[in-house]
Amino acid sequence: MRVISGYLKGRNIDGYDTIGTRPTMNRVKESMFASIQEYINDSLVLDLFSGSGSLGIEAISMGAKKCYFVDNGREILNILRKNINNLNIEEKSTIINRDYREALLYFKNNNIKFNIVLVDAPYKMEVMEEVIELVTKYDLLLDKGILLLEYSFDKLKDKYNNLELIKSKKYSDKYVNIYRKIID
């Protein structure tokens, strides 16, 4: 895998090959980030189910101020740490070794809110509705914040509480939905 844009463009990212995981294809990643590029500069990003960190690293490369990477697999966290160190982005990265539910509660309890939340759960996990519910319940997005979901199975609605669908696209067996927090 490679970083596809920004100041780290062309740099390698180590991946992780195990049953139940798959990296985001470059063309999907490129389209996803083209859709949200106006929100990235100087943003605070959450890469939930980060795996090797491909999505969060891409956001940093495109100008995000900081990314919180959340995963709870020991092997994948070692690869993530290696990627962050190899790219020399330690000062812009925080790794949270927790289950996604615990991590989202941690952010709520510590009043950490995000401009962008990136969610790419392992494809066998049908958790998108729950993630959306927790992100809205815990109020983890800043005003006009973006929630980007890459998923295969869940059928998602156009509106959830204060989140409104602004873009949806299908890529073979995957979907990408982008929601924006509505300001009251």
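Up top is the structure these notes are about.
Residues numbered from 1 in each chain as written. Predicted model: local features only at pLDDT ≥ 70, side-chain atom pairs only at ≥ 80, totals over all residues. Heavy atoms only, no water.

**Student:** Pulling in residues and values, what's your account of the packing of aromatic side chains?
**Tutor:** The full count for this structure, using the stated rule, is 7 aromatic pairs. Each ring, one from Tyr68 and one from Phe114, has its centre 5.7 Å from the other, and the planes form 85 degrees; the classification is edge-to-face. With a gap of 46 residues between them, Tyr68 in strand E2 (residues 66-71) and Phe114 in strand E4 (residues 114-119) connect regions that are remote in the sequence. Relative to Tyr179, the ring of Tyr160 has its centre 5.7 Å away and its plane inclined at 70 degrees; by these criteria the two rings are edge-to-face. In this pair, Tyr160 sits in strand E6 (residues 159-160) while Tyr179 sits in strand E8 (residues 174-181), placing the two residues 19 residues apart along the sequence. Pairwise contacts between aromatic rings join Tyr68, Tyr106, Phe107 and Phe114 into one cluster. A cation over a ring is seen here: Lys66 above Tyr68, with NZ or CZ 5.2 Å from the ring centre. (Phe/Tyr/Trp six-rings, centres within 6.5 Å; stacked < 30°, edge-to-face > 60°. Helix = DSSP H or I, 4+ residues; strand = E, 2+ residues; numbered from the N terminus. Lys NZ or Arg CZ within 6 Å of the ring centre and 35° of its normal.)

**Student:** Now, about the pattern of salt bridges: what can you tell me, with residues and values included?
**Tutor:** Proximity of charged atoms lets side chains of opposite charge pair with each other. Under the definition given, this model contains 7 salt bridges. Notably, a salt bridge pairs Lys113 with Asp139, separated by 2.7 Å at the nearest N-O pair. Placement of Lys113 in the loop between helix H4 (100-109) and E4 and of Asp139 in the loop between helix H5 (128-137) and strand E5 (141-151) is noted, with a sequence separation of 26 residues between them. For Asp139, a relative accessible area of 28% corresponds to the partly exposed category. Across the salt bridge formed by Lys174 and Glu150, the nearest N and O atoms sit 3.9 Å from each other. Of the two residues, Lys174 sits in strand E8 while Glu150 sits in strand E5, which places them 24 residues apart along the sequence. (Salt bridge = Lys/Arg side-chain N within 4 Å of Asp/Glu carboxyl O. Buried < 20%, exposed > 50% of the residue type's maximum accessible area, 1.4 Å probe, protein only.)

**Student:** I'd like a description of the sheet that holds E5, backed by residues and values.
**Tutor:** Judged by pairing direction, the sheet is mixed, and its 8 strands sit side by side in the order E3-E2-E1-E4-E5-E8-E7-E6 without closing on themselves. Only two strands of the sheet have a single partner each, and these edge strands are strand E3 (93-97) and E6. Taken together, the 6 bridges between E5 and E8 define a ladder with antiparallel strand orientation. Residue Leu149 lies in a different strand from E8, and its bridge partner there is Asn177. (Pairing = 2+ DSSP bridges.)

**Student:** Residue-level account of the pairing of strand E1 (residues 44-48), with values.
**Tutor:** Across the 5 residues of E1, 5 count as buried, placing the element largely inside the fold. Residues Leu44, Leu46 and Leu48 point to one face of E1 and Val45 and Asp47 to the other, with burial holding for every one of them. When E1 meets E2, the two strands line up parallel, connected through 5 bridges. Bridge pairing in E2 places Leu48 opposite Val70. Tracing the backbone out of E1, into helix H2 (residues 54-61) and back to the parallel element E2 gives a crossover that is right-handed. The pairing of E1 with E4 spans 4 bridges and is classified as parallel. Along E4, the bridge assignment pairs Leu46 with Val117. (Right-handed = clockwise from strand over helix to strand, strands pointing away.)

**Student:** Kindly report on helix H1 (residues 26-40), identifying the contributing residues and their values.
**Tutor:** An ideal rise of 1.5 Å per residue puts 21 Å on 15 residues; H1 reaches only 18 Å between its terminal C-alpha atoms. Along H1, the largest kink reaches about 45 degrees and is centred on Ala34. Taken together, the buried positions of H1 are occupied by Val28, Lys29, Ser31, Met32, Phe33, Ile36, Tyr39 and Ile40. In the segment just after H1, Asp42 is the residue with positive phi, at about 65 degrees. (Expected span 1.5 Å × (residues − 1). Bend = angle between axes of the 7 residues up to and from the residue.)

**Student:** Now, about the side chain of Ser93: what can you tell me, with residues and values included?
**Tutor:** Within the secondary structure, Ser93 sits in strand E3. With a relative accessible area of 12%, Ser93 lands in the buried category. Within the structure, the side chain of Ser93 is placed 2.8 Å from the backbone oxygen of Ile89, a separation counted as a polar contact. Excluding its chain neighbours within four sequence positions, the residues that come into contact with Ser93 are Ile60, Cys67, Phe69 and Ile84. (Polar contact = N/O pair within 3.5 Å; in protein donor to acceptor, adjacent residues only side chain to side chain. Contact = heavy atoms within 4.5 Å.)

Bear in mind that shape data such as this cannot, by itself, settle questions of function.
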